[in-house]
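# Structural overview for review
Spelled out, the chains give:
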Amino acid sequence: GVLLAFVAVLLCTFFVGYSLDLVSGAGLLPCLLLGAIVSTTDTAAVINIFREAGAPKRLSAIVEGEALFNDAAAIALFGLFLDMVTLGAHPDLLDAAREFLLALIGGAAFGFAMARLCGWLISLLQDSVTTEVTLTVALAYFTFIVINEVLGISGVIATVPLAAFVGSGSRTRVSPG
């Protein structure tokens, strides 16, 4: 599901970008930039349709989780193309793919490591609700800032695994309060 989320965003971005470039003549990079903006689905609309249709809650949860990864991939692509536009670089598919994979793999690995750290720290807290909330918010900010500003990798992609962990994987560890 996660891989499909990234592949679908990539395909949609490039399809829209190259199609717009063919018909508009605005240039490939601005068209790819617009493609990255419109490449994700409107999760709220999909969830609303699921509720009206009576779809199982598990399916809604899967779509919401996949939407996080869709948005993270689109934001990473947007940042990549925005840098290319502002720096005046020519689109290099190999360089763009390398940068995107670095953001994807590096961000996900760092986010997963922070999620594991969060789980370990929460297990030490013994039902201190205020501290758990403070820890999860602080680790999300810390993860984003460190990877985005210090390492130069997409902070959004790094916070998605952390958010997914805190939202679902850590429910057995986080106190009910």
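To keep things clear, this report deals only with the structure shown in the data block. Keep in mind that what you see is a predicted model, and the values were worked out from it rather than measured. (Residues numbered from 1 in each chain as written. Predicted model: local features only at pLDDT ≥ 70, side-chain atom pairs only at ≥ 80, totals over all residues. Heavy atoms only, no water.)

### Notes on the overall build of the protein chain
When its secondary structure is counted, the protein chain shows seven helices and zero strands. Walking the protein chain from its N terminus toward its C terminus, one meets helices and strands in the order α-α-α-α-α-α-α. Relative to its 177 residues, the protein chain shows a buried fraction of 34%. Considering only contacts within the protein chain whose residues lie at least 6 apart along the sequence, 62% involve residues at least 24 apart. (Helix = DSSP H or I, 4+ residues; strand = E, 2+ residues; numbered from the N terminus. Buried < 20%, exposed > 50% of the residue type's maximum accessible area, 1.4 Å probe, protein only. Contact = heavy atoms within 4.5 Å.)

### Let's talk about the side chain of Thr 136
With respect to the helices and strands, the residue Thr 136 is situated in helix H6 (residues 129-150). Residues within four places of Thr 136 in sequence aside, it is in contact with Cys 118, Ile 122 and Val 166.

### Some words on the environment of Ala 67
By secondary structure assignment, the location of Ala 67 is in helix H4 (residues 57-87). Classification of Ala 67 as buried rests on a relative accessible area of 6%. Distance from Ala 67 to Asp 42, taken between C-alpha atoms, is 8.4 Å for residues 25 residues apart in sequence.

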